[in-house]
Amino acid sequence: MTASPAPLIAFGRLRAGRRLSADTFWLDVETPAAESFRAPGCFLKLRGWPEPGPLLDRPFSLHRVQAGGLQLLIRRVGPATRLLCGLAPGRPLKITGPLGRPLTEIIPDPADFYLVAGGVGLAPMALVLDWLRESGRRSRLFYGERSGRHQVDPAWLAAWADDFTATVDDGSGYGRPGLVTEPLAEALAREPRPILACGPPPLLAAVTGLAERFGVAPWVWLEAGMACGLGVCLSCSLPLKEGGRFKVCREGPVADGRTLDWEAA
Ligand SMILES: Cc1cc2nc3c(=O)[nH]c(=O)nc-3n(C[C@H](O)[C@H](O)[C@H](O)COP(=O)(O)OP(=O)(O)OC[C@H]3O[C@@H](n4cnc5c(N)ncnc54)[C@H](O)[C@@H]3O)c2cc1C
Ligand code: FES
């Protein structure tokens, strides 16, 4: 079993940013500590907006570590993400991490996986793909969005995800029209494989149901809103089937979807 990496606070500088869809941005943060954050399954906390701004640092997944920098994929949903996506290159940023439990601790023997990303749930998948490739495992990525305006630039996606199926709920963009769970169910019927999914809770609940139907493990990457980040306030927590709550900040962000009480959540 691999121990969780010790978190550190590092300072970096925004090196570049790029808009990938109407509301999704790729940020590249240069920091001498970049390699220390490379822990698939973990997340980091970020701040760097002009003060006074949102009080709490915000949690994000690490998309990649490359060329002395951390790359993030951020969707604008509120004040902090709006500010982060509008920062000019050169802006100093504070980064805390890696936080949470690494995948190497939760899944010591990785198998061939189906990766499922709903919306900005795409963010952690590049680092997961790298981890699976290094473990000699095959993976296929299913990426779903509600509409074409949310879909990331397909050339950018193809640069790091060699085997992917894109879907778009309303048929307004590239890929197959409909829900991402449709091609996933077809793939599971042909060849059952464990699933690692990141996205909104209804998608994670649906993926868990499919996994149960096909007898495979559903690992769900939870992106619940966080406050204390210390396992105390329970704001990030989700109810467990057997009672008690799963604290995303301390025990996650990845959980076995079968242990969670999706109806109560
Ligand atoms: C472990 C983890 C990893 C994450 N990774 C990423 C990532 O890689 N990229 C990314 O863009 N976001 C990610 N998030 C979500 C991100 O932290 C939030 O979007 C951000 O904190 C919102 O801050 P805000 O001030 O912009 O908006 P807020 O004012 O905090 O929220 C604005 C609106 O968005 C809703 N909202 C906030 N957080 C979430 C959420 N997690 N899911 C759904 N709705 C939400 C709120 O209910 C509110 O309606 C992650 C969250 C966690 C816990
Ligand atoms: S954020 Fe407070 S318990 Fe997780």
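First, a word on what this report is: a plain description of the structure on this page. (Residues numbered from 1 in each chain as written. Chains lettered and ligands numbered in written order. Predicted model: local features only at pLDDT ≥ 70, side-chain atom pairs only at ≥ 80, totals over all residues. Heavy atoms only, no water.)

**Here's the deal with the nonpolar core**
Consideration 1: The biggest cluster of nonpolar side chains holds 31 residues, and the ones touching the most others in it are L115, L122, L141, W156, L157 and W160.
Consideration 2: Each of two domains, domain 1 (8-99) and domain 2 (109-223), supplies a minimum of three residues to this core.
Consideration 3: Discounting residues that sit within four places of it in the chain, L157 has contacts with L122, L141, Y143, V152, F164 and Y174.
Consideration 4: In terms of nonpolar packing, the next biggest core, distinct from the first, is built from 29 residues, F142, L184, A211 and A255 among them. (Core = buried A, V, L, I, M, F, W, Y, C linked by side-chain atoms within 4.5 Å. Buried < 20%, exposed > 50% of the residue type's maximum accessible area, 1.4 Å probe, protein only. Domains from an automatic or database assignment. Contact = heavy atoms within 4.5 Å.)

**Description of unusual backbone geometry**
Consideration 1: A cis amide bond links E51 to the next residue, P52, at an omega of -5°.
Consideration 2: Within the secondary structure, P52 is located in the loop between strand 3 (43-47) and strand 4 (58-61).
Consideration 3: Residue P253 is bonded to the preceding G252 through a cis peptide linkage, with omega at 10°.
Consideration 4: Mapping P253 onto the fold places it in the loop between helix 7 (248-251) and strand 16 (254-256).
Consideration 5: Positive phi, close to 65°, is recorded for L234, a residue that is not glycine.
Consideration 6: By the secondary structure assignment, L234 is in the loop between strand 13 (218-221) and strand 14 (238-239).
Consideration 7: In this structure L234 comes out as partly exposed when scored by relative accessible area, which is 38%. (Helix = DSSP H or I, 4+ residues; strand = E, 2+ residues; numbered from the N terminus.)

**Remarks on the sheet that holds strand 1 (residues 8-19)**
Consideration 1: Strands sit in the order 4-3-7-1-2-6-5 across an open sheet of seven strands; the sheet is antiparallel. Pairing within the sheet leaves two strands with one partner each, and these edge strands are strand 4 and strand 5 (64-66). Going across the sheet, the axis of each strand differs from the next one's by a mean of 40°, ignoring polarity.
Consideration 2: Pairing of strand 1 with strand 2 (residues 24-30) involves six bridges; the strand directions are antiparallel. Opposite R13, over in strand 2, you have E30 as the bridge partner. (Pairing = 2+ DSSP bridges. Axes fitted to C-alpha atoms, helices over the stretch in contact; angles between N-to-C directions.)

**Some details on the side chain of T181**
Consideration 1: In this structure, T181 sits in helix 5 (residues 181-190).
Consideration 2: Every residue in contact with T181, bar those within four places of it in the chain, is listed here: L203, A206, V207 and L210.

Nothing here speaks to function; it is geometry throughout.
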